[in-house]
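Residues per chain are reported as follows:
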Amino acid sequence: MKAQEKTITPAQSFFFILQTQIGVSVLSLPYVVYVGAGTDSWLSILLAGFAIQLFILCFVLMLRAHPELNFYDVLTAYCGKRFGSAVIFVYILYFSLVGILLVVLFVRMINRWVLPLTPTWIIGFMLVIAALYLAREQIRILARFNVFVTPLLFVLLFLITYTIQYVNPLYVLPLFQASWADIFSTTKDATTAMLGFEIILVLYPFISGDARKKLTAFSLANFVLTLFYVYVTIVCYMFFSPVELTLIPEPVLYILKSFSFQIIERTDLLFLSIWIVCAFTSLVNYLYIASAGLAKTLNKRHHKTVVTWIAGLIYVGSLFPIDSEERVIQFSSYVTNSSFLFVFAIPLLFFVLVMTSPSKLQKFALEKEERN
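Note that this is a predicted model, so its numbers are computed, not measured.

*Asks:* What is the right way to read the overall build of the protein chain from this model?
*Replies:* Scanning the protein chain from N- to C-terminus turns up 17 helices and 0 strands. Here the C-alpha radius of gyration of the protein chain, 21 Å, is about what a compact globule of 372 residues would show, namely 21 Å. With the principal axes as the frame, the protein chain shows a C-alpha extent of 65 × 45 × 35 Å. Of all 372 residues assigned to the protein chain, the portion counted as buried reaches 54%. A fraction of 83% describes how many contacts in the protein chain between residues 6 or more apart in sequence connect residues 24 or more apart. With an accessible surface of roughly 17,000 Å², the protein chain has 67% of that area assigned to carbon and sulfur atoms. Here the protein chain holds 25 positive side-chain charges and 19 negative ones, and the gap between their average locations is 12 Å.

Following this line, the structure appears as structure tokens:
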């Protein structure tokens, strides 16, 4: 039985997952998917949300029989202590790479739009230090912070909705002009923009309630994110002409930059100020699950003792590709391709193992309970 301060409610897990998924991608997603499927790419986002929902269901089915275990325990149970620890360590590196990519994209965005004269290493250092300060806390503190900052999404939604008065719905017509082959191929890009749900694999035993309540919270988070991305994408497609969309890498920011309120001249900067918090929470959550895995590998009682190492790795790693557009593109492609292995392929493999041979996991759960 876990101490109360080490558990979160299913409702808190909804905000935890939602904030992890909403990161840097929201600014460029409409452009990225438009390149693949044109104005029909919102269908690709819907398909990506459906695919992610299937994997969420697999995750819950894999872990529900032994809710006190997470995916790190599943790896140890089926791979043995030594090889399992090696696989966990590879997962730690993957989560750290995602953190590095978040820092790189965050810093470059801030450097281009807000602080062009500030050295990039200073912006990155400030972000990582702030993330380290929060990621050292217990999971309930992190969950409360995710809940606290989520209402800021309504401000983002309001700013984007305000632009509807300037849109031209004819830009998205005719519907279904892209081939289904293009729509399905673009689903890959949409899926990588919605990553973050894999945090379920680590958080599962820290969430109170039965499997049905957990699945409901996870599914609702994925549903809300999918609708949010579809809405933002369609608004962008109705605001810009097809020719303009091919030239604008961050259409959301360019939309907001084109108008102002009576008391706010740079609406895009207001949007970025709020978006910074969303990107920050995503980094904190990845930093937490990476340090939790390292603590388990090193048999540490608390992730606080190792989170500084992960934060240092993320900061140092972010310094190499940050000043080269070509290196950023290559690094982003590498992390994106790796996600299909670590988020989809490997968990699906162990889902099949757990479903076909549950005795190993049951034996591991009993041994863990005896040790505790």
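Read on for the rest.
*Asks:* I tried to follow a nonpolar patch on the surface on my own but got confused; where do I start?
*Replies:* Together, Trp121, Phe125, Met126, Ile129, Val316, Leu319 and Phe320 make up a nonpolar patch on the protein surface, roughly 730 Å² of accessible area in all. For the nonpolar patch, the element with the highest residue contribution is helix α6 (residues 120–135), accounting for 4 residues.

*Asks:* Any chance you could explain the packing of aromatic side chains here in plain terms?
*Replies:* Following the criterion strictly, the structure yields 23 aromatic pairs and no others. Here the aromatic rings of Tyr94 and Phe95 are separated by 5.5 Å at their centres, their planes lie at 55°, and the arrangement is tilted. Since its relative accessible area comes to 2%, Tyr94 is described here as buried. Each member of the aromatic cluster is reached from another via a ring pair, and the members are Phe71, Tyr78, Tyr91, Tyr94, Phe95, Tyr286, Phe342 and Phe350.

*Asks:* Teacher, can you tell me more about the nonpolar core here?
*Replies:* Nonpolar side chains tend to gather and get buried jointly when the protein is soluble and globular. Residues Met62, Phe71, Tyr91, Phe197, Phe271, Trp275 and Phe350 are the most contacted members of the largest nonpolar core, which totals 136 residues. Broken down by element, the residue count for this core peaks at 17 residues, all from helix α5 (residues 81–113). The contacts of Phe71, once residues within four sequence positions are left out, are Met62, Leu63, Tyr91, Leu201, Ile346, Pro347 and Phe350.

*Asks:* Looking at this structure, I do not really get the environment of Val352. What am I missing?
*Replies:* Structurally, the position occupied by Val352 is in helix α16 (residues 325–356). By relative accessible area, Val352 is classed as partly exposed at 43%. Sequence spacing of Val352 and Cys58 is 294 residues, and the spatial spacing of their C-alpha atoms is 9.2 Å.

*Asks:* For this particular structure, what's the right way to read the pattern of salt bridges?
*Replies:* Should the charged atoms of two oppositely charged side chains come close, the side chains can pair. The final tally for this structure, using the stated rule, is 2 salt bridges. Asp73 is paired through a salt bridge with Lys296; the nearest N and O atoms lie 2.6 Å apart. Taken together, the residues span a long stretch of sequence, with Asp73 in helix α4 (residues 71–79) and Lys296 in helix α14 (residues 267–297) at a distance of 223 residues. In this structure Asp73 comes out as buried when scored by relative accessible area, which is 2%. Judged by its relative accessible area of 30%, Lys296 is partly exposed. One salt bridge in this structure joins Glu250 and Arg112, with 2.7 Å as the shortest N-O distance. Taken together, the residues span a long stretch of sequence, with Glu250 in the loop between α12 (242–245) and α13 (251–257) and Arg112 in helix α5 at a distance of 138 residues. Using a relative accessible area of 42% as the deciding quantity, one classes Arg112 as partly exposed.

*Asks:* Quick question: what am I supposed to make of unusual backbone geometry here?
*Replies:* As a rule of thumb, non-glycine residues mostly have phi less than zero, and peptide bonds are mostly trans rather than cis. Phi at Phe176 takes a positive value of approximately 60°, unusual for a residue other than glycine. With respect to the helices, strands and loops of the structure, Phe176 is situated in the loop between α8 (152–162) and α9 (180–193).

*Asks:* Looking at this structure, I do not really get the packing of helix α3 (residues 42–63) against α9. What am I missing?
*Replies:* For any two helices packed against each other, one specifies the crossing angle of their axes together with the interaxial distance. Across the interface, α3 lies against α9 with an axial gap of 8 Å and an inter-helix angle of 60°. Relative to α9, α3 is oriented oblique. Crossing hand, α3 versus α9: right-handed. Of the residues in α9, those touching α3 at Leu43, Ser44, Ile45, Leu47, Ala48 and Ile52 are Trp180, Ile183, Phe184, Thr186, Thr187, Ala190 and Thr191. Broken down by class, the residue content of the contact of α3 with α9 amounts to 9 nonpolar, 4 polar and no charged.

What counts and what doesn't
- Residues numbered from 1 in each chain as written.
- Predicted model: local features only at pLDDT ≥ 70, side-chain atom pairs only at ≥ 80, totals over all residues.
- Heavy atoms only, no water.
- Helix = DSSP H or I, 4+ residues; strand = E, 2+ residues; numbered from the N terminus.
- Rg over C-alpha atoms; globule rule 2.2 N^0.38 Å.
- Buried < 20%, exposed > 50% of the residue type's maximum accessible area, 1.4 Å probe, protein only.
- Contact = heavy atoms within 4.5 Å.
- Areas by Shrake-Rupley, 256 points an atom, 1.4 Å probe, with all protein chains shown as cover.
- Lys, Arg positive; Asp, Glu negative; His and termini not counted.
- Charge placed at Lys NZ, Arg CZ, Asp CG, Glu CD.
- Patch = residues over 30% accessible without salt bridge, like charges linked within 9 Å, V, L, I, M, F, W, Y side chains within 5 Å.
- Salt bridge = Lys/Arg side-chain N within 4 Å of Asp/Glu carboxyl O.
- Phe/Tyr/Trp six-rings, centres within 6.5 Å; stacked < 30°, edge-to-face > 60°.
- Core = buried A, V, L, I, M, F, W, Y, C linked by side-chain atoms within 4.5 Å.
- Axes fitted to C-alpha atoms, helices over the stretch in contact; angles between N-to-C directions.
- Parallel < 35°, antiparallel > 145°, perpendicular 65-115°, else oblique.
- Left-handed = near helix turned anticlockwise from the far one by under 90°.
- Nonpolar A, V, L, I, M, F, W, Y, C, P; charged D, E, K, R; others polar.

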